[in-house]
Amino acid sequence: QDDGKKTELVLKKRTDILDALCSSGSAEHLERVLDVLLAQGELTWEDYQNVQVLPEVQGAGFSSLSSCSNVEEKEETHGTSAQTLLTQRPSLIYKLQDCIDGALKALVQSGHFTSADFDPVQLPIYTPTQQARRLLDLVRSKGESAAAAVLQYIHQKQEAGSSLNEEKLTPPKEVLKYQKKLSSSVCAQSCFLSTYGGTSHMSLDDIYTEGQLELAHECVDVQGPLGLEDIVGTVGTVNEEADTVLVCGEAGSGKSTLLQRLHLLWARGAALQYYLLLFPFSCRRLNSEQRELSVQELLFQHCCWPDREQEEIFQFILDHPHLILFTFDGLDELKQSFSDEHRLCCPTQRAPVHILLFNLIQGSLLKGVRKVVTSRPEAVGPVLKKHLCKEVLLKGFSPNGIDCFVRKHHSDPTVAVKVLESLQANTALLGLCHSPVLCWIVSQCHKELLGCGEGSPQTITDVYLMILQHFFQRQSPPKSTVRLGWQQGHLETILHLGQLAFEGISTTCYIFSGADLEKCDVTEKDICMGFLTQSKDMSSSHSKCYEFLHVTMQCFFAALYIVLSSHTDRYAIPKLFELQELRDTGVSSMCFRSCLPSTDQEEQIVDSEHAVAETPNLQITATFVSGLLSQRHQSLWLHCCSTAMVEKKARQVARCLSKGMQKHFKSIPQPVQGEKKSMHAMPGFVWLIKCIYEMQESRIAKEAMSKLQVDHLKLTYCNIGPVECTALAYVLQHLRNAVGIQLDNNSVGDVGVEQLLPCMHICKSLYLRNNNITDEGIHKLIAKVIQCDNFQKIALFNNKLTDACTQHFSHLLKTRQDFLSLRLGNNNITEEGAKQLAEGLKSNHSLKHLGLWGNKIGDVGAEALASALENSDTLLWLSLVGNGVGSEGAYALANIIRNSTSLEELWLTENCITRAGVECLIEALEHNTHMKSVWLRNNDLSLEEVKEMAQRESRLTF
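Residues numbered from 1 in each chain as written. Predicted model: local features only at pLDDT ≥ 70, side-chain atom pairs only at ≥ 80, totals over all residues. Heavy atoms only, no water.

Draft legend 1. Up close: the packing of aromatic side chains. One pass over the full model with this rule turns up 26 aromatic pairs. With a centroid separation of 5.6 Å and an interplanar angle of 75 degrees, the aromatic rings of Tyr-274 and Tyr-275 are classed as edge-to-face. For Tyr-274, a relative accessible area of 33% gives the class partly exposed. (Phe/Tyr/Trp six-rings, centres within 6.5 Å; stacked < 30°, edge-to-face > 60°. Buried < 20%, exposed > 50% of the residue type's maximum accessible area, 1.4 Å probe, protein only.)

Printed below as a string of C-alpha cells:
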C-alpha cells in the first residue's frame, strides 16, 4: 500500500521531477539519480544502460563497451570488487572525478587497460563526473581483476593521506579573476574582529586567540589538540559520504571569530589553499532574505558578484565541487529549524533561502562541496547529525588562552598583569572568562574591575552590568552620572535598546533596519553608546542595518526591558521560564511574542514555520532576568521604576524557578528494586541551576534542594564548564543527603574542579571522566575531599594526569581508611606513579576497586602494586589493562591471587604476557577458590596456547 502511494505521488509530481532533472540543460542530475538507483539495486545493469544519458558521439569505443557489458551479464560475474563498483558507485564517482588520468595510468601499468581504452573515457565533450562514470563502466566490463585494481588505486591514495582530487588543474582565466576578487572581498571583511568589537576596530591578527577544539567522537588517530585546518580536513571523519562539518559551541565560545580567522587565512593564501573558492554566509543575515533564490544567485548576490562570465564560473563550481568551501555561521540563529523533508536537487531552481541551505548541508545540492556550519548544541538534532561527516566541539579558552587573550588585549603589560592577578584571586570570575565574550568584557572593563575591591563580579549578570556601566560612563560627562546615577541617567537608552532587543529575541531577529529602530524610538544618541554596531554584509544592499555587539548583549538588553518596562505583559516572566516545556511544541516564539504590547494583532500572526523560537537565547535572557532581579541588584533600579513592580517580578522569578525544579524532580523514575535512585539531569535542569545562582539567594537554593531525594545525580554530556560548576556547587551544597555526582564527558577542567569544592561535603562519589583535568586540579581536589567524611569514590578516566598526581592519591589512601574506589584509567601514569600509589596502598585497609587501565606502569609498576596488595583483604577488582605488563609483572601479580582473601576479578587484557606468565597465574589460582576471573585477551599467546590453558583453567578469559 505504501509503495502504491509513493508511485502515485511520483506520477503526480512527474512534471516537477522532469523539470528538476532536465531544466539545467545538463544530464548530471539525471545521471546522479541513476547512480543511486543502480547502487541500491533498484535498477539492473540492463535497465541502467537503457536509460543512461550519453552525449551523441559515435565511435568504436562505445560499441565495444556495450558488447563487453553484455558478455559480462551472460557470465553473471558477481565478484566482490565488481559488486563494490556498483554498491559504492556515487562515492566512487565523486572520488575519481578529478584524477581520471592517474586512474587510467594505474590500470595500464597493472595490465588491465591499453591506451586504446582511454578514448571512450576521455572524450572532450564529457564532464569530469561523466568521465568517472565511463571509467567505472569500462572497468566493470573488464572483470573482477580490473575492478580490484581501480579500488586499490583509490585506497592507496587515501592511505598516503593525499586527496584523490590532486590532479593539477588550471582553472579558466575568468575563474581565477573571480577568485582574486572574492579573496579580496573576504579579506576586507575579515581583517578586523567582527564580533563584539565593532567600536574598537581590533585587528584580528592582534587579538585572535585559539579556543579549545575537540572531536565530538573519540578518534584514536588524533594526537594533541586540533588545529584550524583539521576542521575541514579528514581527521575524525565518521561519515565519508557526507560533506558537512559542524562546529558546535555555546553562545560566546568564539564560533564566529574562528570562522573569521579561517576566512582571513584562506584569503591571504596562508591556509586551506586546496580550496579555490570560499563562500562565507551568515545565517543571521540570510534571515532577512525574503526572495526565492537559486544556488547561483545565493552565491553571487550574498558573497561576491562576478564582473563577467557568471555562467562559466558557476559551471566550474558545479564541475569541481571538491575545490569549493562554504561556511554558514550561526545555524541556530536561522528562523527555521533544520529539516531534510523538502528535497531540492537542481542548482538552478529557485527556492526559499533556508531550503537551499538545508539541501546544501545534506548534500542534495552541490554534492562534494565542503561545508562548515557553526551552531549552538541545542539547535543540533539527530536529523542534522546524520548528514555530518564529523562534529567538532569548540569549548572556549583554556587557562593559557585566557592569559594570552588578556595580554593581547592590553598594550600595557602592567595592566594585563593586574587583570590576570585579579582573575586568579576570583576563581568564579576566572571560570566565566573561559567564555571568550566574557573574557573580552572583563578585559574591556579593566578599570571598573580593578577598582571594585570586594565587590568583584561573581555572576554573568555582574559582568554585563559592568560593561553597561563602562559604555555609559565612557560616553557621558562624569558630573551627569554622579548626579543621577549611571542607570537613571541613561534609562531612556536602556528602554529603547531593551525594546529593540526584546522584540528581536521574541521574533528571532538579530539584524535591525532603520524602520525597526524607529519603531522602538532608538535615536542616534542611543546608537552612539556603542551597544549596536553597523551590520556587515557582503551583499550589494546599501541600506544601513544594525545588530548588537553580540547576541548575549541583545539577551541582556531584552532582560533589562522585561525588568524595567511597565509595558510588558504581566505574564512575560512566567512564559519566559516555561519555554523549556514549550520548546517541543514549536510554539514557544508565539507564546513569548504574545507578551509584546498588543499593537496590531495581525503582526502577531506568524507562519508556523517561522514560529520556532530560539530557545537558547530566551534561556540566556531568563538567566539575566534572574540576576537583575536578585536582591543584591534591586537597589540599582530604585530610581528607574517602582520598587513594588521590581519586587513583584522578583517573586515571579522565584516561583518560576521553584516550579521548574519541582517538575524536574517529579520526572525522576522510581528505582528498580535493589538499585539506588538516580536522576539523569537534562540541560534544562542545568539552566535552572544557573538561574538560581544568578539570584544569589541561598533561600531559593535550599528550598529547591530540600525536595531532591536521590542517591546519584548524573550530568553527563551536559556542556558543564567552570561557569556551570560554580552554579552547581552553589545549589548542591544545600542537599540534605550525600549523593554521587557524575560529570563525565564535560569541560570541567582544573578551574571547574576548584569551583566544585564547596559542595564536596555532600559528595559520596565523583565521576569526572574526560574533562581535561590535570595534576593541578587534583592537588586542590584531594586537599578538600580528604576532609569530607562522605567522600569514598573517584573516577578520572581519560584526563591529563601524570605521575605528579599520584602522591596526592597516596596521601588520600593513607589518611582515609574508608575510601573504596580509585579509577585512573587512560592517563599518563608510569612505573614511578605506580610506586607512589603503592606507598599509599600499603597503609590502606578499605579499598575495593583499583583501575589503572591504559597507563604505562609496565612490569616494575605491576610489581610495586602487587607487593602492596598481596595481603589485601578488601580489594575486589583490579584492572591493569593495556599497561605494557609482561610475564615478570604477571609473576608478581600471581602473589595477590595466591594470598588475597578478597580479590574476585583481575583484568590483564592487552598486555604482553607470555605463556610463562600465564603458568604462574594458573598455579596461583589453584590455591584460590573464591577468585572469579582473570582476563587475558590480546596477550603474547598463540591460538594453541590459549586453547590449551583455557581448558586447564576455566576462570581464565581469553
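Draft legend 2. Main features of the pattern of salt bridges. Applying the stated rule across the entire model yields 40 salt bridges. Residue Lys-835 pairs with Glu-832 through a salt bridge whose shortest N-O separation is 3.5 Å. One end of the pair is Lys-835 and the other is Glu-832, both in helix 44 (residues 831-843) and three residues apart, which spans about a single turn. What makes Lys-835 partly exposed here is its relative accessible area of 34%. For the salt bridge of Lys-932 with Glu-904, the shortest nitrogen-to-oxygen distance reads 3.6 Å. Residue Lys-932 is located in the loop between helix 47 (915-925) and strand 18 (933-935), and its partner Glu-904 is located in the loop between helix 46 (887-899) and strand 17 (905-907); the two are separated by 28 residues in the primary sequence. Residue class for Lys-932 comes out exposed when judged on its relative accessible area of 54%. Judged by its relative accessible area of 27%, Glu-904 is partly exposed. Overlapping salt bridges, with partners in common, bring together Asp-35, Arg-89, Arg-133, Arg-134 and Asp-137 in one network. (Salt bridge = Lys/Arg side-chain N within 4 Å of Asp/Glu carboxyl O. Helix = DSSP H or I, 4+ residues; strand = E, 2+ residues; numbered from the N terminus.)

Draft legend 3. Summary view of the side chain of His-434. Here His-434 lies in the loop between helix 22 (427-432) and helix 23 (436-444). For His-434, a relative accessible area of 11% gives the class buried. Filtering out sequence-adjacent residues up to four positions away, His-434 remains in contact with Gly-396, Phe-397, Ser-398, Pro-399, Ile-402, Pro-722 and Val-751. (Contact = heavy atoms within 4.5 Å.)

Draft legend 4. Representation of the sheet that holds strand 3 (residues 277-282). Read across the sheet, six strands follow the order 1-6-2-5-4-3 without closing on themselves; strand pairing throughout is mixed. In this open sheet, the two edge strands, each paired with only one partner strand, are strand 1 (213-215) and strand 3. Sheet twist, expressed as the average angle between the axes of neighbouring strands with direction ignored, equals 20 degrees. (Pairing = 2+ DSSP bridges. Axes fitted to C-alpha atoms, helices over the stretch in contact; angles between N-to-C directions.)

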